[in-house]
Amino acid sequence: MNISNDFKSTMEKVMYDKKIKKYEMVEEQDEELNIVKTKSSNSFLDIVCNIQPISNELIKERYGLDIKAKYCITCNECDLKIGDYVEYIEENYQVTGKLNFDSHMKLFIDEI
């Protein structure tokens, strides 16, 4: 089914009232020559979405996925994929699941 961009734009205005920000992790050496992962200074655009708390049991029941997640994100198509990092309310999360639908996508994120 082909969903028009007008419909997606209207849905975004009405339903999506939160923002998350994608970021990358880079490996650097600290003073003791240990390799540590830190947030990249590259900036990414905000992703407008709707976020709801969710339990692992509910994910398994509704979607048949056996994954760990604290939040379910609903948004228009974006370039996020499993394993990517996002920031929401100054907390860091990792994408643990992704489902694509005709009119939107669902992402599942968990604390890191």
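Scroll up a little and you will see the structure.
Described in the following lines is the structure provided in the data block. Quick caveat, the model's predicted, so the values are computed rather than measured. (Residues numbered from 1 in each chain as written. Predicted model: local features only at pLDDT ≥ 70, side-chain atom pairs only at ≥ 80, totals over all residues. Heavy atoms only, no water.)

Here we take up the side chain of Lys 106. Checked against the element boundaries, Lys 106 lands in strand β8 (residues 105-111). The side chain of Lys 106 sits in the buried core without any salt bridge; Asp 17 is the nearest counter-charge, 12 Å away. Here Thr 74 takes part through its side chain, which lies 3.1 Å from a polar atom of the side chain of Lys 106. Setting aside residues up to four positions removed in sequence, Lys 106 forms contacts with Tyr 63, Cys 72, Ile 73, Thr 74, Gly 97, Lys 98, Leu 99 and Phe 101. (Helix = DSSP H or I, 4+ residues; strand = E, 2+ residues; numbered from the N terminus. Buried < 20%, exposed > 50% of the residue type's maximum accessible area, 1.4 Å probe, protein only. Lys, Arg positive; Asp, Glu negative; His and termini not counted. Salt bridge = Lys/Arg side-chain N within 4 Å of Asp/Glu carboxyl O. Polar contact = N/O pair within 3.5 Å; in protein donor to acceptor, adjacent residues only side chain to side chain. Contact = heavy atoms within 4.5 Å.)

Here we take up the nonpolar core. Ranked by size, the top nonpolar core spans 15 residues in total, and within it Ile 20, Ile 51, Ile 73, Cys 75, Leu 107 and Ile 109 carry the most contacts. Every element with two or more residues in this core is listed here: β4 (46-53), β5 (71-75), β6 (85-88), β7 (91-100) and β8. With residues near it in sequence (within four places) discarded, Ile 109 still touches Ala 69, Lys 70, Tyr 71, Ile 73, Val 86, Tyr 93, Gln 94, Val 95 and Thr 96. Counting residues in hydrophobic clusters, the runner-up holds six residues, among them Ile 54, Ile 59, Ala 69 and Cys 72. (Core = buried A, V, L, I, M, F, W, Y, C linked by side-chain atoms within 4.5 Å.)

With that settled, the discussion passes to the packing of aromatic side chains. This model, assessed by the stated rule, comprises four aromatic pairs. Taking 5.7 Å as the distance between ring centres and 80 degrees as the angle between the ring planes, the aromatic pair formed by Tyr 71 and Tyr 93 counts as edge-to-face. With Tyr 71 in strand β5 and Tyr 93 in strand β7, the pair connects residues that are 22 residues apart, well separated along the chain. The class of Tyr 71 is buried, set by a relative accessible area of 17%. According to the relative accessible area criterion, Tyr 93 is buried, its value standing at 3%. The rings of Tyr 71, Tyr 88 and Tyr 93 are connected pair by pair, giving a single aromatic cluster. (Phe/Tyr/Trp six-rings, centres within 6.5 Å; stacked < 30°, edge-to-face > 60°.)

Notably, Leu 33 is not glycine yet its phi reads approximately 65 degrees, a positive angle. On the secondary structure map, Leu 33 appears in the loop between β2 (25-29) and β3 (35-39). Within the chain, Ile 89 stands out as a residue other than glycine whose phi angle is a positive 50 degrees. Following the sequence through the fold, Ile 89 ends up in the loop between β6 and β7. By relative accessible area, Ile 89 is classed as exposed at 62%.

Within the closed barrel, the six strands sit side by side as β1-β4-β5-β8-β7-β6. Their pairing is antiparallel. With direction set aside, neighbouring strand axes in the sheet form an average angle of 45 degrees. Where β6 and β7 come together, four bridges link them in antiparallel fashion. Bridge pairing links Val 86 to Tyr 93 in β7. (Pairing = 2+ DSSP bridges. Axes fitted to C-alpha atoms, helices over the stretch in contact; angles between N-to-C directions.)

For Asn 50, the position within the fold is in strand β4. On the basis of relative accessible area, Asn 50 is assigned to the buried category, the value being 16%. Polar contacts involving the side chain of Asn 50 include one to the main-chain carbonyl oxygen of Met 15, which spans 3.3 Å. At 3.0 Å, the side chain of Asn 50 forms a polar contact with the side chain of Gln 52. Among all residues touching Asn 50, those that are not within four sequence positions of it are Met 15, Tyr 16, Asp 17, Cys 72, Ile 73 and Thr 74.

Function cannot be inferred from these measures alone, as they are strictly geometric.
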